[in-house]
Amino acid sequence: MAGPTEIRVSTTFFPAAILPNAPDGERSDFILHTSDVVFFYVHGSVLRARSNNNFGMLLDLPYYSPSIIPSSQRHVANQEPGIGNYFGGPTDNVPPPPPGQPKSIPTISVIEDSEVFNIILHLVYNMPCGRYGPTIEVISSTLEALPKYGLPIPDPSNEIWTVLLRQVEVDPLRVYSVGAAHAVDVVCVQSSEHTLRTPLSNLTEADAMTMGAIYLRRLFFLHLGRMEALKRIAGSPPEMHPQTPACSELTQRAIQKAWKAALAGLLLAEMPQAIPVSSIIDAFGPVAYSTQCSACKEKVQERIAAVVEGWGNVKRII
């Protein structure tokens, strides 16, 4: 005996749904069927208007009607967000059409799963998608699929980029990579600062290929440039003052040596490109207290203040 068959229909793109940008009164006239067996009811006129290749030429293909599944084999299961069970009559395995809609609707299979295809259709209909909380990978897969369906990459003002940037703390390099792959500079700029807390050694070959040479170079220049800036800003030790009976040149040379040792510690720290001001003060502060000479203390403190100011002016974004 055949096992129960689960039938799922999008809770947004369902029969008789009133969708933005669909002509008034026009019923859905296509069913798009995802790889994980979810049905999306859509308007061919909307897909054709948004696509420059007839939605990947799918709207030109011969269509099939879903096979018949007896109602006795159907069951309800837990659903992903945005997807609900929606059962038809005793001889249909898709929801019955609303009044006035043809009984048979052309059905097209797509290779994407429902999470990705749901976001694709939200972009087609110019609907916000943030409530679904798409992950970085779902957003990436969605954007990669758009050209195949003849759809444009959303402009930087689209909500999908805001949703992507909300996840920058989770994986800043991945967010940067997705933005770079589609040359959305505002995403790359905003995420680049967050990448400073991630070693570039974490960058995968796939991400490097995805972001392309231009954005990869800009990212490396940001990280390496900040490390070079730290060397330059803090490289010079505090100036010496004229010798006194209480503070000889040898004593002052020892202070300069301690400063250089502190700088070396900073540069050898994990991710020196993201060193906070507090770490700079913690590193160089003990140098000022290693001497009893008030003049030396003043020189060291002046130097620390100059380093802190200079480091704060170093660029943190690409």
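Structure: see above.
Rules of the game
- Residues numbered from 1 in each chain as written.
- Predicted model: local features only at pLDDT ≥ 70, side-chain atom pairs only at ≥ 80, totals over all residues.
- Heavy atoms only, no water.
- Helix = DSSP H or I, 4+ residues; strand = E, 2+ residues; numbered from the N terminus.
- Buried < 20%, exposed > 50% of the residue type's maximum accessible area, 1.4 Å probe, protein only.
- Contact = heavy atoms within 4.5 Å.
- Areas by Shrake-Rupley, 256 points an atom, 1.4 Å probe, with all protein chains shown as cover.
- Salt bridge = Lys/Arg side-chain N within 4 Å of Asp/Glu carboxyl O.
- Core = buried A, V, L, I, M, F, W, Y, C linked by side-chain atoms within 4.5 Å.
- Pairing = 2+ DSSP bridges.
- Expected span 1.5 Å × (residues − 1).
- Arc of directions from axis to C-beta.
- Axes fitted to C-alpha atoms, helices over the stretch in contact; angles between N-to-C directions.
- Left-handed = near helix turned anticlockwise from the far one by under 90°.
- Nonpolar A, V, L, I, M, F, W, Y, C, P; charged D, E, K, R; others polar.
- Polar contact = N/O pair within 3.5 Å; in protein donor to acceptor, adjacent residues only side chain to side chain.

Asker: Looking at this structure, how should I read the overall build of the protein chain?
Answerer: Helix and strand counts for the protein chain come out as 10 helices and 5 strands. Per-residue burial over the protein chain gives 46% buried out of 318 residues. Taking contacts inside the protein chain between residues at least 6 apart in sequence as the whole, the part at least 24 apart equals 67%. Carbon together with sulfur atoms contributes 57% to the accessible area of the protein chain, which is approximately 16000 Å² in total.

Asker: Can you help me understand the pattern of salt bridges in this one?
Answerer: Two side chains of opposite charge can pair, provided their charged atoms sit close to one another. Applying the stated criterion across every chain, the model contains 9 salt bridges. A salt bridge links Arg174 to Asp207, with the shortest nitrogen-to-oxygen separation between them at 3.3 Å. Of this pair, Arg174 sits in helix 5 (residues 172–181) while Asp207 sits in helix 7 (residues 205–234), and the two are 33 residues apart along the sequence. Taken individually, Arg174 and Asp207 each receive the classification buried, so the pair is uniform in this respect. Across the pair Arg253 and Glu249 runs a salt bridge whose closest N-O atoms are separated by 3.3 Å.

Asker: Help me understand the nonpolar core, please; the structure alone is not making it clear to me.
Answerer: One broad rule of soluble globular proteins: the nonpolar side chains tend to lie buried together. Judged by nonpolar contacts, the single largest core of 45 residues is most densely connected at Leu32, Phe55, Phe117, Ile120, Tyr125 and Tyr149. For this core, the secondary-structure elements that each account for two or more residues are strand 2 (30–33), strand 3 (38–42), helix 1 (44–50), helix 2 (114–124), helix 3 (136–145), helix 4 (159–165) and helix 5. Those residues in contact with Tyr125, other than ones at most four positions away along the chain, are Phe13, Leu19, Pro20, Asn21, Ala22, Val42, His43, Val46 and Leu47. Core analysis: the next-biggest nonpolar cluster, separate from the first, contains 23 residues, Ala229, Ile255, Val287 and Ile304 among them.

Asker: Explain the pairing of strand 3 here, please?
Answerer: Within a regular strand, side chains alternate between the sheet's two faces. Within strand 3, 5 of the 5 residues are buried, which leaves the element mostly enclosed by the surrounding structure. Note: strand 1 (residues 8–10) against strand 3, 2 bridges, orientation parallel. Within the sheet, the bridge partner assigned to Val9 lies in strand 3 and is Phe39. Across 4 bridges, strand 2 lies against strand 3 in antiparallel orientation. Bridge pairing links Leu32 to Phe40 in strand 3. Between the antiparallel neighbours strand 2 and strand 3 lie 4 residues, among them Val37 with a positive phi of about 60°.

Asker: Sorry, what's going on with helix 8 (residues 249–268) here?
Answerer: Note that an α-helix has 3.6 residues per turn; residues three or four places apart therefore point the same way. Over its 20 residues, helix 8 runs 29 Å from end to end, which matches the ideal 28 Å to within 8%, given 1.5 Å per residue. Along helix 8, the residues classified as buried are Gln252, Ile255, Gln256, Trp259, Ala262, Leu263 and Leu266. Seen along its axis, helix 8 keeps its buried residues to an arc of 115°; they face one direction. Turned more than 90 degrees off the buried face of helix 8, the exposed positions are Leu250, Lys257, Lys260, Ala261 and Leu268. Buried residues along helix 8 sit against helix 7, helix 9 (277–288) and helix 10 (294–312).

Asker: What am I meant to see in the packing of helix 6 (residues 185–195) against helix 7 here?
Answerer: Each pair of packed helices gets described by two things: the angle between the helix axes and the distance between those axes. Two elements in contact, helix 6 and helix 7, have axes whose closest approach is 11 Å; the angle formed by their N-to-C orientations is 35°. Taken as a pair, helix 6 and helix 7 cross one another with a handedness that is right-handed. Here Asp185, Cys188, Val189, Ser192 and Thr195 of helix 6 lie close against helix 7, whose contacting residues are Tyr215, Arg218, Leu219, Leu222 and His223. Taken together, the residues of the contact of helix 6 with helix 7 break down into 5 nonpolar, 3 polar and 2 charged.

Asker: Is there a simple way to think about the side chain of Gln273 in this case?
Answerer: Summarising the element assignment, Gln273 is placed in the loop between helix 8 and helix 9. A distance of 3.1 Å separates the side chain of Gln273 from the backbone oxygen of Leu196, its partner in a polar contact. Aside from chain neighbours lying at most four places away, what touches Gln273 is Leu196, Thr198, His223, Arg226, Met227 and Trp311.

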